[in-house]
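Here is what each chain is made of, one letter per residue.
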Amino acid sequence: MISYNTKDWFTFIFRFHKADTFRTLFPIMVAIGVYAGFVGYMEVEYWQLSEKSYIKNITIMHGMLGFVISLLLVFRTNTAYDRWWEGRKMWGALVNNSRNFALKLAVILKDDQDQHYFKRMIPTYAAVLHQHLNNDETSLQLFDDVDLEIDHHLHRPNQVAKKMFQKINDLYESKKISGDQLIILNAEVQSFTDICGACERIKNTPIPYSYSAFIKKFIFFYVMTLPFGYSFSLGYYTAPVVVFIFYVLASLELIAEEIEDPFGGDANDLPTKKIADNIKKHVAELMP
């Protein structure tokens with residue numbers, strides 16, 4: 001995730017970051033500029049259409065559809081940001097639950113070996129979940145002195161959660177924790193699985209294809225028809241105007257596409273690896 005100063009306007013305006021949509025859209029912006037200039041030339045210079053031509057009235061359609069496309073893009077970006085923010089809330093909950101789990105275990109458990117086991121396993125769950133959501137191969141050695149026999153064909157976070165619950169159940173059977181403490185610790189392990197399921201729902205459920213495809217087609221045909229009406233009043237200046245309109249509309253769609261899946265390697269995705277590292281540090285402080 002990009003770290004920046006929200007008050008630094010100069011940097012925002014005059015610096016093009018690798019995550020800026022301008023870099024991605026530049027080739028098609030050039031093509032649209034050439035297309036708009038060609039249409040303007042044909043109407044004004046070659047065909048020499050008069051001001052009374054009905055083609056000039058096509059701007060009426062653009063005025064009516066402009067309101068519709070603005071509503072669609074607002075809904076699109078809001079929906080995508082909700083998914084991004086929900087993902088952030090889920091990982092924030094994972095941080096809090098990991099701390100609470102470590103706090104309770106640090107007080108309940110008296111055996112240093114038992115504490116050391118959970119000191120390794122709690123941050124391991126966050127690391128495995130990070131790799132699970134990023135579709136990377138989970139290594140058997142996630143942290144120093146942590147050795148898990150993980151079956152890559154099975155659900156990896158569930159395997160880690162199962163090992164933690166198995167350990168808690170063994171502590172109960174060996175009378176190291178009471179029944180009430182078992183119930184308390186069981187709720188903490190269950191919260192990890194709930195967070196994993198919520199993140200998977202965000203990861204595996206994209207915006208419906210028909211909705212996303214319709215917006216792209218709408219933007220394309222809307223922009224492609226702009227030069228026909230604006231050439232009468234703007235002439236060759238139609239090209240930069242149409243390019244700018246396309247840049248604004250297409251950028252909103254690109255931003256929505258990027259942030260609707262917050263678990264990945266894009267510049268604006270959530271820093272889940274950093275959050276997992278912080279969980280490891282916090283657990284180590286609570287369970288020295």
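As the structure is a prediction and not an experimental result, all values here were calculated from the model.

Considerations on the environment of Ile-177
Here comes step 1: Position of Ile-177 among the secondary structure elements: in the loop between helix H5 (156-173) and helix H6 (179-204).
Here comes step 2: Ignoring anything within four residues of it in the chain, the contact list for Ile-177 reads Ile-108, Leu-109, Ile-168, Leu-171, Tyr-172, Leu-182 and Leu-185.

Describing the packing of aromatic side chains
Here comes step 1: In total, this model carries 9 aromatic pairs according to the counting rule given.
Here comes step 2: The interplanar angle of 80° and the centroid separation of 5.8 Å between the aromatic rings of Phe-101 and Phe-192 together place this pair among those described as edge-to-face. Of this pair, Phe-101 sits in helix H3 (residues 58-108) while Phe-192 is found in helix H6, placing the two residues 91 residues apart along the sequence. Both residues of the pair, Phe-101 and Phe-192, count as buried.
Here comes step 3: On the numbers, 5.7 Å between centres and 50° between planes, the contact of Phe-214 with Phe-218 is tilted. With Phe-214 and Phe-218 both in helix H7 (residues 209-234) and 4 residues apart, this pair spans about one turn of that helix.
Here comes step 4: Given the relative accessible area of 46%, Phe-214 is considered partly exposed.
Here comes step 5: Classification of Phe-218 as buried rests on a relative accessible area of 13%.
Here comes step 6: Connected via pairs of aromatic rings, a cluster forms that spans Phe-101, Tyr-117, Phe-118, Tyr-125 and Phe-192.
Here comes step 7: The aromatic ring of Tyr-117 is capped on one face by Lys-167, whose charged end is 5.4 Å from the ring centroid.

Some points on the packing of helix H4 (residues 112-133) against H6
Here comes step 1: Put simply, H4 and H6 touch, their axes get as near as 11 Å, and they point 15° apart. Taken as axis vectors, H4 and H6 run roughly parallel relative to one another. Here H4 runs over H6; the crossing is right-handed. Here Tyr-125, Leu-129, His-132 and Leu-133 of H4 come into contact with H6, specifically with Phe-192, Thr-193, Cys-196, Cys-199, Glu-200 and Lys-203.

Thoughts on H6
Given 3.6 residues to a turn, an α-helix orients residues that are three or four positions apart in the same direction.
Here comes step 1: With 26 residues, H6 extends 37 Å from end C-alpha to end C-alpha; this agrees with the ideal 38 Å at 1.5 Å per step.
Here comes step 2: For H6, the set of buried residues is Leu-182, Leu-185, Glu-188, Val-189, Ser-191, Phe-192, Ile-195, Cys-196, Ala-198, Cys-199, Glu-200 and Ile-202.
Here comes step 3: Next to the buried residues of H6 lie H3, H4 and H5.

Some details on the state of the cysteines
A covalent bond bridging the sulfur atoms of two cysteines is what the word disulfide describes.
Here comes step 1: This structure, assessed with the given rule, holds 0 disulfides.
Here comes step 2: Cys-196 takes part in no disulfide bond, and the closest cysteine sulfur, belonging to Cys-199, lies 7.0 Å away.
Here comes step 3: The exposure class assigned to Cys-196 is buried, which follows from its relative accessible area of 2%.
Here comes step 4: Residue classification places Cys-199 among the buried positions, given a relative accessible area of 0%.

So, the pattern of salt bridges
Here comes step 1: With the rule as written, the count across this model stands at 11 salt bridges.
Here comes step 2: Its salt-bridge partner being Glu-260, residue Arg-76 comes within 3.0 Å of it at the nearest N-O pair. Taken as a pair, Arg-76 in helix H3 and Glu-260 in the loop between helix H8 (238-259) and helix H9 (272-286) lie far apart in primary sequence, 184 residues in all.
Here comes step 3: The exposure class assigned to Arg-76 is buried, which follows from its relative accessible area of 1%.
Here comes step 4: Across the salt bridge formed by Lys-273 and Asp-277, the nearest N and O atoms sit 3.1 Å from each other. Remark: Asp-277 and Lys-273 occur in helix H9; sequence separation between them is 4 residues, near one turn of the helix.
Here comes step 5: By relative accessible area, Asp-277 is classed as partly exposed at 31%.

What counts and how
- Residues numbered from 1 in each chain as written.
- Predicted model: local features only at pLDDT ≥ 70, side-chain atom pairs only at ≥ 80, totals over all residues.
- Heavy atoms only, no water.
- Helix = DSSP H or I, 4+ residues; strand = E, 2+ residues; numbered from the N terminus.
- Contact = heavy atoms within 4.5 Å.
- Phe/Tyr/Trp six-rings, centres within 6.5 Å; stacked < 30°, edge-to-face > 60°.
- Buried < 20%, exposed > 50% of the residue type's maximum accessible area, 1.4 Å probe, protein only.
- Lys NZ or Arg CZ within 6 Å of the ring centre and 35° of its normal.
- Axes fitted to C-alpha atoms, helices over the stretch in contact; angles between N-to-C directions.
- Parallel < 35°, antiparallel > 145°, perpendicular 65-115°, else oblique.
- Left-handed = near helix turned anticlockwise from the far one by under 90°.
- Expected span 1.5 Å × (residues − 1).
- Disulfide = S-S within 2.5 Å.
- Salt bridge = Lys/Arg side-chain N within 4 Å of Asp/Glu carboxyl O.

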